[in-house]
Amino acid sequence: MTAHDPSWSGAGPIERTLAAVSRRIAEAGGIVILAMMLVAVLDVVLRYVFNAPLSSSYELIQLGMVLVVYCGLAWCGLTGGHIAVNFVGALLNRPRLRWLNAVVHGVGAILFLVIAWRSTGEAVKYFASGETTNMLKAPLFPFLAAVAAGALLYAVTLALLSVKALRSAGESGGGHG
Amino acid sequence: MTPTAIGIAGMVALFALLGVRMPVGIAMLLVGVVGFGVLAGWAPALATLGSMPFEYSRSVDLAVIPLFVLMGNLCGASGASRDLYRLAYAWVGHWRGGLASATVVACSSFAAVSGSSLATAVTIGKVALPEMERYGYDARLATGCVAAGGTLGILIPPSTGFIVYALLTEQSIGRLFLAGVVPGLLLSALFIAAIVLITWIRPEYGPPGARAAWGVRIRALVEASGILGIAVISIGGIYAGVFTPTEAASVGAFLALGFAAWRCFRQGAGPLHALARLTNTTREALLDTVRVTAMVFLILIGAQIFSPFLALTQIPSDLAGMLQGLNLPPMAVMLVLLLVYVILGMFMEGFSMMVLTLPIVFPIVTQLGFDPIWFGVIMVIVLEMGLITPPVGMNVYVIKGVAASVPMRQIFVGILPFLAAMMVCVGLLLALPKIALWLPASMVR
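Residues numbered from 1 in each chain as written. Chains lettered and ligands numbered in written order. Predicted model: local features only at pLDDT ≥ 70, side-chain atom pairs only at ≥ 80, totals over all residues. Heavy atoms only, no water.

K.L.:
Looking at this model, I keep getting lost on the overall build of chain B. Mind explaining?
P.N.:
A count of helical and extended segments in chain B gives 20 helices and 0 strands. Relative to the compact-globule value of 22 Å for 445 residues, chain B shows a C-alpha radius of gyration of 22 Å, a close match. If you line up chain B on its principal axes, its C-alpha atoms span 75 × 55 × 45 Å. Relative to its 445 residues, chain B shows a buried fraction of 60%. Long-range contacts, defined here as pairs at least 24 residues apart, represent 79% of the contacts in chain B between residues at least 6 apart. (Helix = DSSP H or I, 4+ residues; strand = E, 2+ residues; numbered from the N terminus. Rg over C-alpha atoms; globule rule 2.2 N^0.38 Å. Buried < 20%, exposed > 50% of the residue type's maximum accessible area, 1.4 Å probe, protein only. Contact = heavy atoms within 4.5 Å.)

Here it is as structure tokens:
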């Protein structure tokens with residue numbers, strides 16, 4: 001699997017911007033992974049060498065994981081990384097059936113829009129109640145906001161893929177009469 | 001509509017959505033939420049969509065995935081495959097079919113730092129295939145042993161397959177990892193036995209390589225000791241009870257980063273150049289890691305919403321009860337299940353197969369009295385078979401990418417003896433579950 005979907009080489013400005021943004025966000029997710037790694041290693045060293053474990057390491061890794069997942073969703077979707085099953089082979093690539101592809105991505109976009117909306121609701125709720133983690137007393141709402149933002153970005157990606165599928169259906173359909 | 005009818009409708013809808021190539025995770029999420037809404041009301045269904053994506057991602061167990069993927073990526077990028085192949089070649093290359101056996105040994109040792117079959121097949125394949133071509137190896141044997149050897153990637157820990165199984169069935173990641181060690185070594189030995197057998201019947205398929213002097217062998221061992229050390233420390237640490245799997249993955253990734261840095265700086269093109277190289281390698285490794293994590297997470301969260309819906313419909317427990325009512329010998333049920341998996345594996349990608357079937361199969365298997373850890377191992381081997389059987393064998397596709405001149409048909413033919421070896425391995429595990437369960441049972445708590 002390549003990290004760059006070749007179908008993006010002829011992408012328009014919106015697509016290119018989205019690709020650049022989601023790549024940057026995925027890279028930020030990568031830095032969070034490095035941070036999680038360092039926290040866990042530090043915890044091990046402090047525990048075995050200094051007999052003083054890092055009590056907050058568990059929470060730090062938990063919260064880091066939220067960021068990693070939602071930083072990667074859109075980038076993964078844009079580079080064709082999400083697993084789909086291919087029962088019928090190339091049948092669905094036929095120009096006449098490409099609208100199905102558009103619908104599939106469109107429905108996915110709506111679903112993730114709903115997730116973004118509900119997560120925003122949760123974030124507002126957590127903000128109002130001021131809920132925090134047990135040890136670190138870190139507020140939880142920013143992480144719910146990150147979930148909402150990641151889901152929204154993935155919804156936008158899916159919507160774009162849907163439009164793209166529709167457009168290529170129009171082009172190919174027209175081209176082949 | 002009765003809950004059962006809703007459940008059946010849900011499953012039909014799921015397969016229709018998968019049929020039109022909706023990503024597996026999205027399809028399960030969608031059907032799960034709608035089904036949940038119909039059965040339990042829309043307010044709780046929508047509330048689940050608000051809380052679950054956050055609660056489920058906030059998991060230390062889930063963090064094992066990116067950290068082990070990063071470790072494998074960094075090891076791969078810093079030339080682990082070359083080191084390991086050289087090592088295996090120096091020790092067994094002079095046997096008949098020795099280069100193919102060396103490929104299997106290299107695959108199983110790379111598997112100890114990588115949790116992915118595809119990565120194992122590609123990285124080792126890139127090094128091993130040109131070498132086997134140079135020595136005039138039969139293309140079927142050469143590609144077959146790389147494709148089969150690659151499957152060791154998810155049997156020998158760390159393993160993304162075991163992590164996903166553990167997360168879906170709430171089993172211990174550490175125990176599953178350890179349960180994969182002995183079967184992984186057994187399967188490697190069976191692969192080598194298959195190679196020895198093939199080249200005994202047809203010596204021209206795999207001429208022996210040059211015999212390496214002892215000095216070369218020791219040097220190869222020293223060169224590869226960095227990678228082997230990373231594997232031993234991280235997996236050994238789980239066994240010895242020093243680390244949790246998350247910590248083992250972090251320490252492994254940290255050591256792999258150090259190793260990559262050492263490799264970059266040793267090339268001697270100046271510290272700035274080395275730093276630029278290291279940054280680049282790390283960035284690519286991280287980007288791929290984030291991508292794989294998102295991919296696995298999407299199907300996991302899909303399952304996390306689909307499984308409770310299916311449980312609400314009572315279908316899994318009804319099915320399990322029905323099977324128990326039939327009073328079939330449990331082993332017969334197991335054999336039928338495995339046969340179904342092998343057939344499904346021909347058409348479906350491994351992860352999605354696991355995620356889609358476990359909500360139904362797992363209750364059946366545990367009610368029949370099978371050990372869930374043991375079943376995890378069997379399941380992973382059967383998934384591996386799916387990776388190399390036609391028409392949809394992912395490993396074969398990626399090997400085709402490396403060995404473009406070999407026709408797909410020939411690769412599939414080359415795989416047959418290794419497939420037979422896998423069946424022998426499954427047979428042995430069915431007869432002697434201890435092969436898998438002995439090591440986790442002896443684990444330090």
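K.L.:
Where do I start with the overall build of chain A in this structure?
P.N.:
Each helix and strand in chain A was counted, giving 4 helices and 0 strands. Here the analysis covers contacts within chain A between residues at least 6 apart in sequence; of these, 75% occur between residues at least 24 apart. Within the structure as shown, chain A displays about 8700 Å² of accessible surface, and the carbon and sulfur contribution to it stands at 68%. (Areas by Shrake-Rupley, 256 points an atom, 1.4 Å probe, with all protein chains shown as cover.)

K.L.:
Quick question: what am I supposed to make of a nonpolar patch on the surface here?
P.N.:
On the surface, a nonpolar cluster with roughly 470 Å² of combined accessible area is contributed by A:V45, A:Y48, A:V49, A:F50 and B:V242. Relative to the helices and strands, A:V49 is located in helix α1 (residues 13-49). (Patch = residues over 30% accessible without salt bridge, like charges linked within 9 Å, V, L, I, M, F, W, Y side chains within 5 Å. Salt bridge = Lys/Arg side-chain N within 4 Å of Asp/Glu carboxyl O.)

K.L.:
Quick question: what am I supposed to make of the interface of chain A and chain B here?
P.N.:
The figure often quoted for interface size is the accessible area lost as the parts come together. The partner chain B presents 59 residues to the 62 residues of chain A that form the contact. Both faces combined, the contact of chain A with chain B buries some 5300 Å², and carbon together with sulfur accounts for 76% of it. Viewed at the interface, chain B and chain A are joined by 3 salt bridges. With its nearest N and O atoms 2.9 Å apart, the salt bridge here joins A:R47 to B:E247. Inspection of the chain A/chain B interface yields 6 residue pairs in polar contact (both at pLDDT 80 or more). The set of elements that each furnish at least two residues to the side of chain A that touches chain B consists of α1, α2 (57-78), α3 (98-129) and α4 (141-175) of chain A. Per element, the largest residue contribution to the side of chain A that touches chain B is 16 residues, and it comes from α1(A). Looking at the side of chain A that touches chain B, its residues break down into 42 nonpolar, 14 polar and 6 charged. (Buried area = accessible area lost by both parts, 1.4 Å probe. Polar contact = N/O pair within 3.5 Å; in protein donor to acceptor, adjacent residues only side chain to side chain. Nonpolar A, V, L, I, M, F, W, Y, C, P; charged D, E, K, R; others polar.)

K.L.:
How should the side chain of B:S59 be read in this particular structure?
P.N.:
Position of B:S59 relative to the elements: it lies in the loop between α3 (42-57) and α4 (64-77). Of the polar contacts made by the side chain of B:S59, one reaches the backbone nitrogen of B:D61; its length is 3.2 Å.

K.L.:
Quick question: what am I supposed to make of the packing of α4(B) against helix α11 (residues 214-239) of chain B here?
P.N.:
Axes are the key here: two packed helices are described by the angle between their axes and the distance separating the axes. Residue and element names in this part refer to chain B. For the pair α4 and α11, interaxial distance at closest approach is 11 Å and the crossing angle is 170°. Classified by the angle their axes make, α4 and α11 are roughly antiparallel. The interaxial crossing formed by α4 with α11 has left-handed handedness. Listed contacts from α11 to F68, M71 and C75 of α4 are I227, I230, S234 and I235. (Axes fitted to C-alpha atoms, helices over the stretch in contact; angles between N-to-C directions. Parallel < 35°, antiparallel > 145°, perpendicular 65-115°, else oblique. Left-handed = near helix turned anticlockwise from the far one by under 90°.)

K.L.:
Any chance you could explain the domain arrangement of chain B here in plain terms?
P.N.:
Residue and element names in this part refer to chain B. Domain boundaries assigned for chain B yield domain 1 (1-58 + 297-313) and domain 2 (59-267 + 314-443). Of note, the centres of domain 1 and domain 2, computed from C-alpha atoms alone, are 31 Å apart. Between domain 1 and domain 2, the contact holds 20 residues from the first and 17 residues from the second. Taken together, the two surfaces of domain 1 and domain 2 that pack against each other cover about 1500 Å², and 77% of this comes from carbon and sulfur. Of all residues in domain 1, I299, L300 and L310 bury the most surface against domain 2, accounting for 30% of the area lost on that side. Taken together, domain 1 and domain 2 are joined by 5 residue pairs in polar contact (both at pLDDT 80 or more). At the level of secondary structure, the elements contributing two or more residues to the side of domain 1 that touches domain 2 comprise α1 (3-19), α2 (24-40), α3 and α13 (271-312). Counting residues per element, the side of domain 1 that touches domain 2 draws most heavily on α13, which supplies 8 residues. (Domains from an automatic or database assignment.)

K.L.:
Got a minute to help me understand the pattern of salt bridges in this structure?
P.N.:
Any two side chains of opposite charge can pair, on the condition that their charged atoms come close. The full count for this structure, using the stated rule, is 13 salt bridges over all chains. Close ionic contact of A:R24 with A:E27 constitutes a salt bridge, the shortest N to O distance being 2.7 Å. Taken as a pair, A:R24 and A:E27 lie in helix α1 at a separation of 3 residues, close to a single helical turn. Overall, A:R24 belongs to the exposed group, its relative accessible area being 57%. We note a salt bridge from B:D138 to B:R140, for which the minimum N-O separation is 3.2 Å. Connected via shared salt-bridge partners are A:R23, A:R24, A:E27, B:R283 and B:E284.

K.L.:
Is there a simple way to think about the environment of B:G237 in this case?
P.N.:
Residues and elements named next belong to chain B. Tracing the chain through its elements places G237 in helix α11. For G237, a relative accessible area of 6% translates into the label buried. What G237 contacts, discounting residues up to four positions off in sequence, is V232, V242 and F243.

K.L.:
Mind showing me how you'd approach unusual backbone geometry here?
P.N.:
Negative phi values dominate among residues other than glycine, just as trans dominates among peptide bonds. For the bond running from B:P157 to B:P158, omega is -5°, close enough to zero to count as cis. Tracing the backbone through its elements, the reader meets B:P158 in the loop between α8 (139-150) and α9 (160-169). With a phi close to 55°, A:N51 is a non-glycine residue in the positive phi region. As for its position among the elements, A:N51 is in the loop between α1 and α2. Unlike most non-glycine residues, B:Q314 shows phi in positive territory, near 70°. What makes B:Q314 partly exposed here is its relative accessible area of 40%.

K.L.:
What should I look at first to understand α3(B) in this one?
P.N.:
In an α-helix, one turn spans 3.6 residues; hence positions three or four apart end up facing the same way. All names here are of chain B. In this model α3 runs 23 Å from its N-terminal to its C-terminal C-alpha over 16 residues, within 8% of the 22 Å that 1.5 Å per residue would give. Along its length, α3 reaches its greatest deviation from straightness, about 40°, at S51, and the proline P53 lies no more than four positions downstream. Taken as a whole, α3 has its buried residues at A45, T48, L49, G50, M52, P53, F54, Y56 and S57. (Expected span 1.5 Å × (residues − 1). Bend = angle between axes of the 7 residues up to and from the residue.)

K.L.:
Just checking my understanding: could you explain the nonpolar core for this structure?
P.N.:
Side chains that are nonpolar tend, in soluble globular proteins, to be buried together. Grouped together as the largest cluster of nonpolar side chains are 212 residues, with contacts concentrated most on A:F112, B:F68, B:M132, B:F191, B:W374, B:F375 and B:L429. Sort the elements by how many residues they give to this core and α13(B) lands first, with 18 residues. Summarising the domain contributions, this core has at least three residues from each of domain 1 (1-58 + 297-313) and domain 2 (59-267 + 314-443) of chain B. With near-sequence residues (within four places) excluded, B:F375 lies in contact with B:Y165, B:M334, B:Y341, B:L358, B:V361 and B:V365. (Core = buried A, V, L, I, M, F, W, Y, C linked by side-chain atoms within 4.5 Å.)

K.L.:
Can you walk me through the packing of α1(A) against α2(A) in this structure?
P.N.:
Residues and elements named next belong to chain A. At a minimum axis distance of 8 Å, the contact between α1 and α2 shows a crossing angle of 155°. The angle between α1 and α2 places the two elements in the roughly antiparallel class. As for the relative orientation of α1 and α2, their crossing is left-handed in sense.

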